[in-house]
Amino acid sequence: MPKRTIKITGPDVTLDQHALAPLYRQLYERLRAEILEGQLEAGARLPSTRSLASQLGVSRNTTALAYQQLLLEGYIESRVGDGTRVASVRPEHLRRLRGTATSRHASHPAAVQPGTLSRRGQLLVNAAYPGEMYANLHTPETTKPPVFRAGQPDVVHFPHEIWARLIAKHARHSLGAFALSQHAQGYLPLREAIAAHIGITRGVHCSPDHIIVTAGSQGALDLVARVLLDPGDRAWVEDPGYLGARGALLAAGASIVLVPVDGEGIMVEEGRQRYRDARLAVVTPSHQFPTAVTMSLSRRLELLQWARDAQAWVAEDDYDSEYRYSGRPLEALQGLDNDQRVIYIGTFSKVLFPSLRLGYLVAPAALVSGFVAARRFTDVHPPMLEQLALADFIAGGHFARHLRKMRLLYLERRDTLVATLRRELGDL
């Protein structure tokens, strides 16, 4: 075997001091790519860490860490008296690795080939639709929010300084006590604050023991579908309705029953006729998405009667109930439920800022243990730092003040839009 040392430096080898990846990681990835592509042949001797650091103008720690990672993963070998060499890999293995590396770094994701995903996974891919609220997510370079996109609050007027102060406080003083995994239901003071808030403002009957903190309302819907539905079970969804709910049901293997919406909300009698024995109904009674209809009291009672008769469950997504501009909203459907058939779902992501990803569900007593057990095998619990800060944000009155301010701001914008539409479009 020839004892030649490979010269690694060159005009195309640079380490970027300003990149997000640390220097050792950049060097590791470059050397790994050259080994997989065959540019560094098996058995070729590499420069010493000291020599390479001098060539690249970096510290020896940088080159040592890169070599250590390559050594641990089997790309290089190191023997006393023989230096560091590229590991010997059989040609057929190297070809396979080259193909993997090429596909992994493709600039565009490949189309899903038939048979690649499960039937359920393919259904989720097919359910994607233009205008999805999570499509075309903002990059750091384009932080200005687009207009007329559902579920995206105005984050410019959020009290960022207060939030940053709360996050910093708990990062300094609280993380030590909460560094280990916590209860799957979520941070108790946050659940207490949620129970007090929705009990007063939405008429929801619950204690903190019935609340589970989730990754937004989408996380709550996913948990409900995962725990309550077996593959093939039927579930009512509003038509038109929130496609995120349909996605959660499809992910659980449910069979979706589209039930039309009229001026009073979901048409329960239509649902009975289409599939009386569905196991779950997902509804937005306070502010139907996307029609904005409020479900009438008679329709609410009819829906609860169906759930009682069918021994079914109702997932009440209380979407945007905080923003109603005329009259007092009807209290939550859950407050009318005497048979413990309603799961109430709320979120902070659509009220404060979308990347917060904190929501909650209020479960009937019979379902709490099942939800908690499932939670332990998914994401265990949301990140604690945000829960700690949010509990203080609510307890300190900041949440209520922010809601009042944004309600006035959104009302002004709504009135301006309506007036402009009437002026420009008349009776069209």
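Provided above is the structure to which this section pertains.
Source: prediction; values computed, not measured. (Residues numbered from 1 in each chain as written. Predicted model: local features only at pLDDT ≥ 70, side-chain atom pairs only at ≥ 80, totals over all residues. Heavy atoms only, no water.)

Chemist: Quick question: what am I supposed to make of unusual backbone geometry here?
Modeler: If a residue is not glycine, its phi is most likely negative; likewise, a peptide bond is most likely trans. Cis geometry is adopted by the peptide bond preceding P240, which originates at D239 and carries an omega value of 5°. You can see P240 is positioned in the loop between β5 (234-239) and α9 (243-251). Looking along the chain, the bond that leaves F289 and enters P290 is cis, with omega of 10°. Along the chain, the position of P290 falls in the loop between β8 (280-283) and α11 (297-310). Positive phi, normally seen in glycine, also occurs at Q311, with a value near 50°. The topology assignment puts Q311 in the loop between α11 and β9 (313-317). Positioned with a positive phi, Q340 is a non-glycine residue whose angle comes to about 55°. Mapped onto the elements, Q340 comes out in the loop between β9 and β10 (342-347). (Helix = DSSP H or I, 4+ residues; strand = E, 2+ residues; numbered from the N terminus.)

Chemist: Is there a simple way to think about the packing of helix α10 (residues 268-275) against α11 in this case?
Modeler: Angle between the axes and distance between the axes: these two values describe a pair of packed helices. Contact geometry for α10 and α11: axes closest at 9 Å, N-to-C directions at 25°. As the angle between them shows, α10 and α11 are arranged roughly parallel. Contacts from V268, E269 and R272 of α10 reach α11 at R299, E302, L303, Q305, W306 and D309. Its residues assigned to classes, the contact of α10 with α11 comprises three nonpolar, one polar and five charged. (Axes fitted to C-alpha atoms, helices over the stretch in contact; angles between N-to-C directions. Parallel < 35°, antiparallel > 145°, perpendicular 65-115°, else oblique. Contact = heavy atoms within 4.5 Å. Nonpolar A, V, L, I, M, F, W, Y, C, P; charged D, E, K, R; others polar.)

Chemist: Where do I start with the sheet that holds strand β1 (residues 45-46) in this structure?
Modeler: The pairing of strands in a sheet happens through backbone hydrogen bonds and is either parallel or antiparallel. The three strands lie next to each other as β1-β3-β2, forming an open sheet whose pairing is antiparallel. Looking at the sheet topology across the chains shown, the edges are occupied by β1 and β2 (76-79). As paired strands, β2 and strand β3 (residues 83-86) are joined by four bridges and run antiparallel to one another. Bridge pairing in β3 places R79 opposite G83. Sitting on the sheet, helix α3 (residues 60-72) is in contact with β1, β2 and β3, with an inclination near 105° to β2. (Pairing = 2+ DSSP bridges.)

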